[in-house]
Amino acid sequence: TLFVTISIRISFDQSQSSMAGGKAVKRVLFMTNSEYGQANVILAVAYEFLLRQNYDVHIASFAPLKRRIPELNELASSDSGSKAGAATFHLITGLSAQEALLERDEFIGPFPPGLRGAKDSYRVTLPAMATTWEGPEYMSGYASCIDILDSVNPDIIACDPLMSQGLEACKARSRDVVVLSPNTF
């Protein structure tokens with residue numbers, strides 16, 4: 001069993017956060033790919049923020065993840081006695097990583113365990129993951145991330161390390177970002 005403990009300590013200018021019940025509410029934006037291996041750690045941390053009730057949680061991802069947000073909200077609500085807030089989903093336009101890779105119709109794995117499988121994985125899978133989207137597809141997702149950053153204007157941004165469009169959007173807007181990884185690569 002793997003246990004992960006995350007502790008984030010950030011001081012905020014109270015004037016930038018909204019107020020709810022006399023408490024400052026911080027806006028948190030999570031940006032992630034929609035594939036479960038990447039999104040699960042983001043959803044787990046978002047769940048914890050929802051339970052704390054003084055965060056306005058936003059999750060930006062591709063269409064396949066949208067259906068999991070009501071499930072997340074329902075779980076947080078039931079576990080907190082209906083006191084948890086609800087996460088807001090923001091759609092990143094374009095194909096998800098899985099959809100983009102499937103559209104290529106190239107074999108990228110899985111490979112058998114062992115040295116030969118690892119060698120094949122590094123030779124085939126890693127380059128494919130690094131170049132998931134074609135130029136116009138990538139830029140569509142990037143522009144969408146810029147729009148989401150501008151509209152949400154979060155106090156905290158956490159991003160999946162393979163969500164390169166989100167990372168680049170944060171860099172373009174000179175925003176600090178926490179990289180939240182499920183031990184990718």
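Calculation criteria
Along each chain, numbering runs from 1 in the same order as the chain's sequence is written. Totals for whole chains, interfaces and linings use every residue, but because this is a predicted model, local features are given only for residues with pLDDT of at least 70 and side-chain atom pairs only at 80 or more, for both listing and counting. Side-chain measures were taken over the full set of non-hydrogen atoms in the model, leaving aside hydrogen atoms and water. Partly exposed residues are those whose accessible area sits between 20% and 50% of the maximum for their type, while under 20% is buried and over 50% is exposed, using a 1.4 Å probe and protein chains only. Strands are runs of DSSP state E lasting at least 2 residues, helices are runs of H or I lasting at least 4, and numbering of each runs from the N terminus. Here, the arc refers to the directions that run from the helix axis to the C-beta atoms. For two strands to pair, DSSP has to find at least two bridges joining them. Throughout, right-handed denotes a crossover for which the path from the first strand over the helix to the second runs clockwise when the strands point away from the viewer. In a helix, the anticipated span is given by 1.5 Å times the number of residues less one. Only buried Ala, Val, Leu, Ile, Met, Phe, Trp, Tyr and Cys residues count toward a nonpolar core, and they belong to the same one when joined by side-chain atoms within 4.5 Å. In what follows, a contact means two residues having at least one pair of non-hydrogen atoms within 4.5 Å. Only rings of Phe, Tyr and Trp enter the pairing, Trp through its six-membered ring, and a pair is recorded when the two centres are within 6.5 Å. The plane angle decides the type: under 30 degrees is stacked, over 60 is edge-to-face, the rest tilted. By definition, being over a ring means that NZ of Lys or CZ of Arg is both within 6 Å of the ring centre and within 35 degrees of the ring normal. pLDDT runs from 0 to 100 and stands for how confident the predictor is about each residue.

**Thoughts on helix α6 (residues 164–172)**
- Three or more residues of α6 are buried, namely Gln165, Gly166, Ala169 and Cys170. Across the axial projection of α6, the buried residues extend over an arc of 135°, all falling on one side.
- Backbone geometry just downstream of α6 places serine 174 in the positive-phi region, at approximately 55°.

**A closer look at the pairing of strand β3 (residues 55–61)**
- The element β3 is extensively covered by neighbouring structure, given that 5 of its 7 residues are classed as buried.
- Judged from the 4 bridges that link them, β3 and strand β4 (residues 88–91) form a sheet pairing that is parallel. Within β4, the position partnered with isoleucine 59 by the bridge is phenylalanine 89.
- Once the chain exits β3 it traverses helix α2 (residues 68–79) before rejoining the sheet at β4, and the crossover so formed is right-handed.

**Examining helix α5 (residues 135–152)**
- Over its 18 residues, α5 runs 26 Å from end to end, which matches the ideal 26 Å to within 8%, given 1.5 Å per residue.
- Looking at α5, one finds that the buried residues are Tyr138, Gly141, Tyr142, Ser144, Cys145, Ile146, Ile148, Leu149 and Val152.
- One or two residues past the end of α5 sits asparagine 153, with phi positive at roughly 50°.

**Some points on the nonpolar core**
- Phe30, Val57, Ile59 and Leu72 are the most contacted members of the largest nonpolar core, which totals 23 residues.
- Going through the elements one at a time, β2 (23–31), α1 (36–51), β3, α2 and β5 (156–159) are the ones with two or more residues in this core.
- Residue contributions to this core peak at 9 residues, all from α1.
- When residues no more than four places from it in sequence are discounted, the contact partners of phenylalanine 30 are Ile42, Val45, Ala46, Phe49, Val57, His58, Ile59, Ala60, Ala158 and Leu180.
- By size, the runner-up hydrophobic cluster in this structure holds 20 residues, among which are Leu29, Met31, Ala100 and Tyr138.

**Description of the packing of aromatic side chains**
- For the structure on display, the rule yields 5 aromatic pairs.
- Plain terms: the ring middles of phenylalanine 30 and phenylalanine 49 are 5.8 Å apart, the flat faces sit at 75° to each other, and that makes the pair edge-to-face. You can see phenylalanine 30 sitting in strand β2 and its partner phenylalanine 49 sitting in helix α1, a full 19 residues away along the chain.
- Note on phenylalanine 30: relative accessible area 1%, which makes it buried.
- A relative accessible area of 11% means that phenylalanine 49 is categorised as buried.
- Among the aromatic side chains, those forming a connected cluster through ring pairs are Phe30, Phe49 and Tyr55.
- Above the face of the tyrosine 36 ring, arginine 68 is positioned so that its terminal group lies 4.0 Å from the ring centre.

**Section: the confidence of the model for the protein chain**
- On average, residues of the protein chain score 86 in pLDDT, and 86% of them reach the 70 mark or higher.
- Ranking the elements of the protein chain by mean pLDDT puts strand β1 (residues 18–20) last, at 54, and β4 first, at 98.

**Comments concerning unusual backbone geometry**
- Note that the residue after glycine 109, namely proline 110, is joined by a cis bond; omega there is 10°.
- Even without being a glycine, asparagine 153 presents a positive backbone phi close to 50°.
- Inspection of the secondary structure puts asparagine 153 in the loop between α5 and β5.
- For asparagine 153, a relative accessible area of 43% corresponds to the partly exposed category.

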